[in-house]
Each structure stands twice: as C-alpha cells, then as structure tokens.
Amino acid sequence: MAVDPAARAEQQAMPQPVRLLVGDIGGTHARLGVMDVAGADRRLLALRRYACADAADLAALLRRFQTDEAAAGAATATVAVLAIAGVVEGDQLLSRNLPWPVSLTATRRDAGMSALYLINDFEALAWAVPGLAAAQRRTLDGTDSPAALPLPALVLGPGTGLGAAVVVDVDGAPRVLPSEAGQAALAPGTALEIELLRVLQARFGHVACERVVSGPGLVNLYQALAEVRGCAAQAKTPADVVAAAHQGDALASECVALFCQWWGGVAGDLALTFRARAVCLAGGLTVHLGDALRQGGFRQRFADKGVLSEALRQVPVCTVEDDTLALVGAAAWYVARRPG
C-alpha cells in the first residue's frame, strides 16, 4: 500500500516515545514511577512510595521498585532520571539530608540501569513549572493565578532541607538555574528573630536558612522560641508542632506564625536576587501550612524590602500541591537535555 509522502514526513517528525524510570528522592521518602515521554506529552504508568530508611542504599531502592513492578507484570525502564536532595560533584552526590552516600557509577551498576541521571530535586520541580495549568496553582492572596507564569519564576519550599531554583526564558525556551539557597545565611528581620538567631547560633554556629525554613528547622525554631519564652518544649517533630498549633497551643501557634514570616523574608530576598516575576511554593510543609501561609505574615515579610516593597507586592505567589511534580520535571529535564 502506498504511503502519502506528507504523512510519512509527519510521522518521521513526531518525537519518538521514551520510557523512563523517574523518581523524587527526599531525605525521608522516595516516590518512584515509570513514565512514557514523547515531546511535551508525559504519561505516568506507575507510582510507588518507599521509606528511604528501609533501603540499604539508592541502588537497593531502585531494585526494589523494579522487582515490585515486575511482580505486578508491569513494564520497566532501564534509563532513570532521579530528582534528589543534593548536588552532584563528579561521581558523588553531596547531601546531608539523605540516609546514605550516593555514587553515580556504583548506583547505576548495582541497580542494573543502562543510564542514570541525578538532578537536584528543586531543579526538577522548576522544570515542571512552565507546564503547570492555572488550576494547579493557588495564590496566597486569593486572586486568580496567571494563565502562564511570567518568567523568571522562583520555585522554593521547605522539606527535609530548603530547596530553591529559578526558571528563566532563554530564546523562547525555559531553562532552570539550580541553587543552594538553603545554605545561605539566615537574615533576621525583627528584634525577636535577632534573639532567636543568637540561640540558634550558639547551637549551630553558621545558621543557614534551612536551619529554620525546613521541616527540621521548624523544630529548631520551636525549641529556640521555648528557650526565649522560658517554657518547656513539648513537641518533638515537625508534625507535632503543626498538630499542636492546630489544637491552639500558644507556643506552637506562635512558632508556626514566625516560621511563615521568616520563610516570607527568605522568599522575598531570593525574589529580589533573581528579579523573579512569579514565585511558586512547593514541598511537604507547603501543604501542611497552607492556612497559616494565607494569614498574611508570609506576604507581609515577602514584600517588606524597603524601596522595592511595592514592586514585590505585584509578584504573584502561588502554592503548588502535586506529588508527581518532581517526576514530571525530571522527565522535562531529560527531554530538554536528552543526550545525543
């Protein structure tokens, strides 16, 4: 049967689908999935969640996922792109938030992958942001989210650490600038924060932003506030602090309010640094503290930047609540940077 030359050319121009093992590896939990990718199309075929502490290393985690998928009769992939907390230097991943060291070469070999790519978890989130629909975002002030986020867009959020990345436009195509803003020095903005910073400095020496603006940082802040207020610190985990605040505990409620304000100050500093025209908040605590974020303290401190305060008030700040966002971003990174 004859084939129309125009149809043949169209078929040849269509992007060939690629099957990827995609992952979001945090300090506590890992989400792993299989995704078919063809151009801008992403189809998630499987998704599983694991506790990182249950695996001896990253390769064991990947092997367990492959075994679970094979037992279910599902298709697997031999190319993996993993969003992971940390920075790759040579063959090693530098991270203080994971339960084990990671060698790129050893992990690829021991997991039986033909190719393995590790990218920073917030770099992956940022790669997913340009494809977000307005319905997937919710502004802090209740106004309509822009149909398309203006670039540069800052993506940040607290989890096991504080992640941050920036999406920029390069000749009409999105590109991502990863960062380690969580390790930058934390700046106080009030007399109380100066007092709290002294307590934290006595404990840690260098007080990085993520010593406060992260899950463990919420507990650090709670303990420091208890010391300053001269009362007992009852909560032991971030979940304890959030739960106590929801129940009306005075110390926990003050701590959560301070956390959101300090987070807003950090976000405003980064928005100025990168001249961001939009901000997206992601990460586990963004979900759990959604109501507190919308009470106004975050936005007030975000815009409290002197002569540029009015400019920052015009910057939309949105929350994004999607467990698969880093997986989509990992695939988007692969398509944009696909080897060969």
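Bear in mind the structure is a predicted one, so any value in this text is a computation, not a measurement.

So, how was this worked out
- Residues numbered from 1 in each chain as written.
- Predicted model: local features only at pLDDT ≥ 70, side-chain atom pairs only at ≥ 80, totals over all residues.
- Heavy atoms only, no water.
- 1 Å grid on protein atoms, 1.4 Å probe; cavity = no way out; pocket = protein on both sides within 12 Å on 5 of 7 lines; lining within 4 Å.
- Points joined across faces, edges and corners; volume = space filled by probe spheres on them.
- Nonpolar A, V, L, I, M, F, W, Y, C, P; charged D, E, K, R; others polar.
- Helix = DSSP H or I, 4+ residues; strand = E, 2+ residues; numbered from the N terminus.
- Pairing = 2+ DSSP bridges.
- Axes fitted to C-alpha atoms, helices over the stretch in contact; angles between N-to-C directions.
- Contact = heavy atoms within 4.5 Å.
- Phe/Tyr/Trp six-rings, centres within 6.5 Å; stacked < 30°, edge-to-face > 60°.
- Buried < 20%, exposed > 50% of the residue type's maximum accessible area, 1.4 Å probe, protein only.
- Salt bridge = Lys/Arg side-chain N within 4 Å of Asp/Glu carboxyl O.

The computed volume of the largest pocket comes to approximately 1300 Å³. The wall of the largest pocket is formed by 49 residues, among which P158, G159, T160, G283 and G284 lie closest to the centre. Per-class residue counts for the lining of the largest pocket are 20 nonpolar, 19 polar and ten charged. Here the second largest pocket defines a volume of roughly 230 Å³. Together, 14 residues line the second largest pocket, and W127, A128, G131, L132 and V328 are the ones closest to its centre. Only α4 (121-128) and α13 (325-336) provide two or more residues apiece to the lining of the second largest pocket. Taken together, the residues of the lining of the second largest pocket sort by class into nine nonpolar, three polar and two charged.

Strands sit in the order β3-β2-β1-β4-β7 across an open sheet of five strands; the sheet is mixed. If you trace the sheet from one side to the other, it starts and ends with β3 (41-51) and β7 (115-120), each paired once. For this sheet the average axis-to-axis angle between neighbouring strands, irrespective of direction, equals 20°. Where strand β4 (residues 79-84) and β7 come together, six bridges link them in parallel fashion. In the strand pairing of β7, A80 is matched with L116. The strands touched by α4 within the sheet are β1 (18-25), β4 and β7, with β7 carrying the most contacts at an inclination of about 90°. This element, α13, spans β1, β2 (29-38), β3, β4 and β7 of the sheet and lies at about 130° to β1.

Glancing now at the sheet that holds strand β8 (residues 137-139). Taken together, six strands build an open sheet; the order of strands is β8-β13-β12-β9-β10-β11 and the sheet is mixed. The open sheet has two edge strands with one neighbour each: β8 and β11 (173-178). Strand-to-strand twist of the sheet, defined as the mean angle between neighbouring strand axes without regard to direction, takes the value 25°. In this sheet, strand β13 (residues 317-320) lies alongside β8 in antiparallel orientation, the contact comprising three bridges.

Another point: the packing of aromatic side chains. In the structure shown here, the tally under the stated rule is five aromatic pairs. Taking the centre distance of 6.0 Å and the plane angle of 70° together, the rings of F259 and W263 count as edge-to-face. Placement of both F259 and W263 in helix α8 (residues 250-274) is noted, with a separation of four residues, approximately one turn of the helix. Taken individually, F259 and W263 each receive the classification buried, so the pair is uniform in this respect. Ring plane angle 90° and centroid distance 5.6 Å describe the contact between W263 and F298, whose orientation is recorded as edge-to-face. With a gap of 35 residues between them, W263 in helix α8 and F298 in helix α11 (residues 297-303) connect regions that are remote in the sequence. The exposure classification of W263 matches that of F298, with both residues buried.

Considering all chains together, one arrives at ten salt bridges under this definition. For D36, the salt bridge is made with R43, and the minimal N-O distance between the two is 3.6 Å. By relative accessible area, R43 is classed as exposed at 51%. Residue D269 is joined to K305 by a salt bridge in which the shortest nitrogen-to-oxygen separation is 2.6 Å. Of this pair, D269 sits in helix α8 while K305 sits in the loop between α11 and α12 (309-313); the two residues are 36 residues apart in sequence, bridging distant segments of the chain.

In terms of burial, β1 is largely enclosed, as seven of its eight residues are buried. Two strands pair when backbone bridges link them, and β1 and β2 are joined in this way by eight bridges, in the antiparallel orientation. Residue pairing for β2: L20 is matched across the bridge by M35. Pairing analysis gives five bridges linking β1 to β4, with the strands arranged parallel. Following the sheet pairing, L21 is matched in β4 by A80.

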